[in-house]
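Here's the letter readout for the chains.
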Amino acid sequence: MKTRKLLVISLLVITSLVLAGCGQKQKKHDPELINLAPNPGFEEKDLSCYSTNHGNVTFELTNDCHSGNYAAHISGRSVYWHGLYFDPKLEKGKTYHLSFWMKTDGEALVGAQIREDGIEAEFIGETIGNEWTQVKGSFTVGEQTNAVRIIFQSTYLSQVKDGDIYVDDIILVEKNN
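Here's what I pulled together on the structure shown here. Just so it is clear, the structure is predicted and the values come from calculations on it, not from any experiment.

For the rest of this paragraph, the subject is the pattern of salt bridges. Scanning all chains against the criterion turns up four salt bridges. Two residues, D87 and R149, come together in a salt bridge whose shortest N-O distance is 2.7 Å. Here R149 lies in strand β9 (residues 148-156) and D87 lies in the loop between β4 (84-86) and β5 (95-104), a separation of 62 residues in the sequence. On the basis of relative accessibility, which here comes to 35%, the residue D87 falls in the partly exposed class.

Given below as structure tokens:
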């Protein structure tokens, strides 16, 4: 009888632990699971949700990628702020985590400029070489902000003119506090 009671109690404890764990894994509305970047790995071969911020700058898909089959290749840049951008729909006062992979033709300070209503609010970046490197950071959208733009750009350290940049595997998620 004691063995049976112990077995029943053990099964109840194990079942409740398993169900509790399943509940955590199945959060359908967890903002950490929703990537707000459009076509983040460029695998859909659709660049229509991205644009460049200068007339001479062009971008195309390339097989020279960090993962998957494609990445964005940005060329025709003549100054550091020329780059690829997108305009995510973000909520005022919320904090977001941005992660992406970039590479360049030479040593450069690369990153993403976060613009709020046309004014630079944050810069997430680091100095890299010509190997794929992950860049990441967080930013909070201002309470008065109406529009956010994320621009991928670089400043080359060893030459006057800015060269090509490559971007892949963009992740933009709301950060849980």
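That was the structure; now back to the text.
Bringing the packing of aromatic side chains into the picture now. Working definition: an aromatic ring pair is given by the centre-to-centre distance plus the angle between the planes. Counting across every chain of the model gives six aromatic pairs. Measuring from centroid to centroid gives 5.2 Å for F42 and Y50, while their planes differ by 45°, and the two rings are tilted. Of the two residues, F42 and Y50, both sit in the buried class. Put simply, the rings of F42, Y50, F86, F100 and F152 pair up and form one aromatic cluster. Positioned over the ring face of Y166 is K103, at 5.3 Å from the centre of the ring.

Cut-offs used in this document
- Residues numbered from 1 in each chain as written.
- Predicted model: local features only at pLDDT ≥ 70, side-chain atom pairs only at ≥ 80, totals over all residues.
- Heavy atoms only, no water.
- Salt bridge = Lys/Arg side-chain N within 4 Å of Asp/Glu carboxyl O.
- Helix = DSSP H or I, 4+ residues; strand = E, 2+ residues; numbered from the N terminus.
- Buried < 20%, exposed > 50% of the residue type's maximum accessible area, 1.4 Å probe, protein only.
- Phe/Tyr/Trp six-rings, centres within 6.5 Å; stacked < 30°, edge-to-face > 60°.
- Lys NZ or Arg CZ within 6 Å of the ring centre and 35° of its normal.

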